[in-house]
Amino acid sequence: LDSLSHGNQQRVQLIAALVNEPELLVLDEPFAGLDPIAMATMSELLTELAAAGTTVLFSSHQLDLVEHLCQDVVIIDHGRVIVDDRMTAVLTRLQQEHFLLTLREPLAILPPLPGFEARLVSDHEVEVAVPRSRQINELFAGLSAAGLQVASLRNKTNRLEELFVTLTERKDKLPASRPGETRP
């Protein structure tokens, strides 16, 4: 087993865990080291197991996968539970969503979009933060008023990651430096 790649070691460990058809499956970072195809296969397998009645509990730092796969979520910060709720309830806590707009015409300077935070990513792409208090049709009205024509729109919010960062990002939580150690 030592000669296998990390991804193949993950597969072997999962097979060993599933041999006895457990009612509870506990996994630590099950997606670590997997390529995109293996991640999709693992996601499908975990979804099937849960649908068949197996309780699947896993820890992961890949929050996009957690958001996509889980019904319930627990966020732990420095050993303390700071969120324990249904995924739908957790995601409603977010203040805004981020969209990537592809424009039909190139743009050198982004005109103001009142009520929205926007930045020019390239001459054809604009990233826009839409507050939860606003509707997407208000964004389109603002874009139209600014003379911008949108070719495509894609939601680029990794919402659970955004919430995690918001809840855990505090400078006072950084551990003290050790002698001889420098901090950025």
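Look above for the structure.
The structure reproduced in this document is the subject of the present report. (Residues numbered from 1 in each chain as written. Predicted model: local features only at pLDDT ≥ 70, side-chain atom pairs only at ≥ 80, totals over all residues. Heavy atoms only, no water.)

**Considering the sheet that holds strand β5 (residues 96-103)**
Strands sit in the order β6-β7-β5-β8 across an open sheet of four strands; the sheet is antiparallel. What marks the edges here is a single partner per strand, and that holds for β6 (117-122) and β8 (150-155). Averaged over all pairs of adjacent strands, the angle between their axes in this sheet comes to 25 degrees, without regard to strand direction. Here β5 runs beside β8; their pairing, made up of five bridges, is antiparallel. (Pairing = 2+ DSSP bridges. Helix = DSSP H or I, 4+ residues; strand = E, 2+ residues; numbered from the N terminus. Axes fitted to C-alpha atoms, helices over the stretch in contact; angles between N-to-C directions.)

**Side note on the side chain of S43**
You can see S43 is positioned in helix α2 (residues 36-51). Excluding anything up to four places from it in sequence, S43 contacts F31, L65 and L69. (Contact = heavy atoms within 4.5 Å.)

**Side note on the pattern of salt bridges**
Any two side chains of opposite charge can pair, given that their charged atoms come close. Following the criterion strictly, the structure yields three salt bridges and no others. Note that R119 is salt-bridged to E127, the shortest N-O span being 3.0 Å. In this structure, the salt-bridge partner of E138 is R134, at a minimum N-O distance of 2.9 Å. For E138, a relative accessible area of 30% corresponds to the partly exposed category. (Salt bridge = Lys/Arg side-chain N within 4 Å of Asp/Glu carboxyl O. Buried < 20%, exposed > 50% of the residue type's maximum accessible area, 1.4 Å probe, protein only.)

**Considerations on a nonpolar patch on the surface**
A contiguous nonpolar patch, built from L1, L4 and V12 and spanning about 250 Å² of accessible area, is present on the exposed surface. With respect to the secondary-structure elements, L1 resides in the segment before α1 (6-18). According to the relative accessible area criterion, L1 is exposed, its value standing at 67%. (Patch = residues over 30% accessible without salt bridge, like charges linked within 9 Å, V, L, I, M, F, W, Y side chains within 5 Å. Areas by Shrake-Rupley, 256 points an atom, 1.4 Å probe, with all protein chains shown as cover.)

**Examining the nonpolar core**
Ranked by internal contacts, the top residues of the largest apolar core, which has 23 residues, are F31, L46, V66, V73 and L160. Those elements that place two or more of their residues in this core are β1 (24-28), α2, α3 (63-69), β3 (72-77), α4 (87-91) and α6 (159-168). If you tally residues by element for this core, the top one is α2, at five residues. Among all residues touching V66, those that are not within four sequence positions of it are F58, S60, V73, M87 and L160. Judged by nonpolar contacts, the second largest core, of 13 residues, contains L103, V126, V128 and L148. (Core = buried A, V, L, I, M, F, W, Y, C linked by side-chain atoms within 4.5 Å.)

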